[in-house]
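# Report on the structure
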Amino acid sequence: QVQLVESGGGLVQPGGSLRLSCAASGFTFSSYAMSWYRQAPGKERELVAVISSIGEVTNYADSAKGRFSISRDNAKNTVYLQMNSLKPDDTAVYYCNARRGGLSYRTYWGQGTQVTVSS
């Protein structure tokens, strides 16, 4: 059974840091690009960061550049999102996504974890 389980969310003050984790199982993790998305109330879901299947390429939303860092540990089937210098506008539900492109396209989603940045 495919599972993506996010953890590490919570309440943090502006300027603080959080490290989100997404533990994957039920598929060949190293064959999938991994991404973090977020969705704030009243907003559309947006891509925050993506990392290629073996970690050689990363990309970030403009709002995340310089503050967030995505990484993965294929030996642990886990992808991370380190979030620093958090702002209230970062408040959202953060979702983990796995995607295998090309002719064998597959995509999976986690359940989401709430991040709230507030004083």
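Here, the structure is the one placed above.
This write-up is about the structure you can find in this document. The structure presented is a predicted model; accordingly, all values stated were derived computationally and were not measured.

### A closer look at the side chain of R67
- Along the polypeptide, R67 turns up in the loop between β6 (58–60) and β7 (68–73).
- Among the polar contacts listed, one links the side chain of R67 to the backbone oxygen of S85, at a separation of 3.0 Å.
- Filtering out sequence-adjacent residues up to four positions away, R67 remains in contact with Q82, M83, N84, S85, L86, K87 and D90.

### Thoughts on the nonpolar core
- Residues M34, W36, V79, L81, M83 and Y94 are the most contacted members of the largest nonpolar core, which totals 27 residues.
- Listed by contribution, the elements that provide at least two residues to this core are β3 (18–25), β4 (33–39), β5 (46–51), β7, β8 (78–83), β9 (92–100) and β11 (113–117).

### Some thoughts on the pairing of β9
- When β4 meets β9, the two strands line up antiparallel, connected through 7 bridges. Bridging from a neighbouring strand, S35 pairs with N97 of β9.
- As paired strands, β9 and β11 are joined by 3 bridges and run antiparallel to one another. Residue V93 lies in a different strand from β11, and its bridge partner there is Q114.
- Taken together, the 4 bridges between β9 and strand β10 (residues 106–109) define a ladder with antiparallel strand orientation. What sits directly across from R99, in β10, is T107.
- The turn joining β9 and β10, which pair antiparallel and follow one another in sequence, is formed by 5 residues; a positive phi near 70 degrees is taken by G102.

### Let's talk about the state of the cysteines
- This model, assessed by the stated rule, comprises 1 disulfide.
- In this model C22 forms its disulfide with C96; the gap between the sulfur atoms is 2.1 Å. Since a negative S-S torsion denotes a left-handed disulfide, the C22-C96 link at about -85 degrees is left-handed. Of this pair, C22 sits in strand β3 while C96 sits in strand β9; the two residues are 74 residues apart in sequence, bridging distant segments of the chain.

### Structural notes on unusual backbone geometry
- One non-glycine residue with positive phi stands out, namely N77, at about 55 degrees.
- Relative to the helices and strands, N77 resides in the loop between β7 and β8.
- With a phi angle near 50 degrees, S85 is a residue other than glycine that sits in the positive phi range.
- Relative to the helices and strands, S85 resides in the loop between β8 and β9.
- Using a relative accessible area of 42% as the deciding quantity, one classes S85 as partly exposed.

What counts and what doesn't
Residues numbered from 1 in each chain as written. Predicted model: local features only at pLDDT ≥ 70, side-chain atom pairs only at ≥ 80, totals over all residues. Heavy atoms only, no water. Helix = DSSP H or I, 4+ residues; strand = E, 2+ residues; numbered from the N terminus. Polar contact = N/O pair within 3.5 Å; in protein donor to acceptor, adjacent residues only side chain to side chain. Contact = heavy atoms within 4.5 Å. Core = buried A, V, L, I, M, F, W, Y, C linked by side-chain atoms within 4.5 Å. Buried < 20%, exposed > 50% of the residue type's maximum accessible area, 1.4 Å probe, protein only. Pairing = 2+ DSSP bridges. Disulfide = S-S within 2.5 Å.

Keep in mind these numbers describe shape, not what the thing actually does.
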